[in-house]
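Notes for the structure review
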Amino acid sequence: MIQAKLVQSGRFELEEVAKPQVRANEVLIRVKNAGICGTDIHSFNGKHPFISTPIVPGHEFSGVIVEIGQEVPQEMFSIDQKATVEPSLVCGKCYNCQIGRYNICDHLIVLGCQTDGAFKEFISVPWQKVVPLDDFMSFEDAAMLEPLAVGIHAVEIGKVNRGDHVLVIGSGVIGLLLAQAAEVRGAIVTIVDISEKRLSKAIDLGIKNVINSSKEDILTSINMISKNGIDTIFECVGHPSTILQSIEIARKGSRVVIVGVVNEGVMLPVNLIQDRELELLGDLMYTKKDFDKAKNLVAEGKANLKDLQTKTFDLKDVQSAFEFIEQYKDTTFKVLLRV
Ligand SMILES: [Zn+2]
Ligand SMILES: [Zn+2]
């Protein structure tokens, strides 16, 4: 089979390798679509704090089940069934695994990040990680359940309730999926970005309030939207300046959730956090519960994934796909690989 390996920052190579052997507790999936995530772009640029090359990326993907290991509960899966995979491999033994927060497992390994992922024709994964899907879901949408689960989990971490005002900093794929998840929870969502083009996507998706922070003063705009300010701010950029900004604009007694991946330490105004009784929360990945919710939201037509799919490349053109994203940053949302 063919796989696409990031051999060093900026350079992919296609390799012919043996099809994986299916272990007794595993399910073999013929990969159909794999999304390219901001994380993959970071590692392509050699800037991700926890990923090193060489690596076969790919942690958001869909496909069909082609083989089922002997010790897998046979009633749970069937051959030719559509599926996606929760890409977190966890120890099951550490404290957080024991209490169900395995997304922050002490020994967390993510497919495509710390071990080879799905930029390849076949991948064999533990059956517990396989999410079987109904036939009606497109492979493209199925490959985006992972980033949608990220948004759903963040909304959970941010304790978003009906009627809350939510501010999302960053009108990228994660920000826009998170915004949709917050709306499903009944929140009133405002998106902030510095790019008019990215904000117009938010408007297309039906997000009511947008703020272009390169042109408008955020606090003035927030005051026009909500007389009591914002209940939860989600930072989805992962840049020191926007992290700082999210704390500076936070209302007294509100929450700030850091969703974006930051590759450096950031000096924070702890005086503001203390004086305003802010809750500063970290956020990482998701658990199966969030994946199931993602699946249901798509089934119920409550999440629009399709309008975020910018372009699909063949796996063999993976290098061009990454270069395309670099070139058209402002207008590119999700780029997928067809395997
Ligand atoms: Zn991702
Ligand atoms: Zn663990």
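Note that the structure is a prediction, hence the values are computed from the model and not measured.

Time to look at the coordination of the zinc ion (ligand 1). In this structure, C37 (SG) and H59 (NE2) serve as the protein donors to the zinc ion (ligand 1), at separations of 2.1 to 2.3 Å. Here C37, found in the loop between β3 (26-36) and α1 (38-44), pairs with H59, found in the loop between α1 and β4 (61-68); they are 22 residues apart in sequence, far enough to count as distant.

Our next topic: the coordination of the zinc ion (ligand 2). Protein ligation of the zinc ion (ligand 2) involves C91 (SG), C94 (SG), C97 (SG) and C105 (SG), the donor distances falling in the range 2.3 to 2.4 Å. Accessibility expressed as a relative area gives 7% for C105, which makes it buried.

Taking 1.5 Å per residue, 13 residues should reach 18 Å; helix α4 (residues 145-157) reaches 18 Å between its end C-alpha atoms and fits that length. Among the 13 residues that make up α4, eleven are buried, leaving the element largely enclosed by the rest of the structure. Every buried residue belonging to α4 is among L145, E146, P147, L148, A149, V150, G151, I152, H153, A154 and V155, and all of these are buried. Lining the buried residues of α4 we find β5 (82-85), α3 (139-143), α5 (173-184), β13 (232-235), α10 (288-299) and β17 (334-338). A positive backbone phi angle near 50° is found at K159, which sits one or two residues after α4.

As a measure of interface size, the accessible area lost when the parts come together is often cited. Segmentation of the protein into domains returns domain 1 (2-144 + 305-338) and domain 2 (151-282). Taking only C-alpha atoms, the centre of domain 1 and the centre of domain 2 are 28 Å apart. Listed as interface residues are 14 residues of domain 1 and, on the opposing side, 15 residues of domain 2. The largest contributions to the domain 1 side of the interface with domain 2 come from L308, D330 and F333, which together make up 44% of the buried area. On the surface where domain 1 and domain 2 come into contact, there are zero salt bridges. Our enumeration of links across domain 1 and domain 2 arrives at seven residue pairs in polar contact (both at pLDDT 80 or more). A breakdown of the residues in the side of domain 1 that touches domain 2 according to their chemical character gives five nonpolar, four polar and five charged.

How each quantity is defined
Residues numbered from 1 in each chain as written. Chains lettered and ligands numbered in written order. Predicted model: local features only at pLDDT ≥ 70, side-chain atom pairs only at ≥ 80, totals over all residues. Heavy atoms only, no water. Donors = N, O, S within 2.8 Å, 3.2 Å for Na, K, Ca; no water. Helix = DSSP H or I, 4+ residues; strand = E, 2+ residues; numbered from the N terminus. Buried < 20%, exposed > 50% of the residue type's maximum accessible area, 1.4 Å probe, protein only. Expected span 1.5 Å × (residues − 1). Contact = heavy atoms within 4.5 Å. Domains from an automatic or database assignment. Buried area = accessible area lost by both parts, 1.4 Å probe. Salt bridge = Lys/Arg side-chain N within 4 Å of Asp/Glu carboxyl O. Polar contact = N/O pair within 3.5 Å; in protein donor to acceptor, adjacent residues only side chain to side chain. Nonpolar A, V, L, I, M, F, W, Y, C, P; charged D, E, K, R; others polar.

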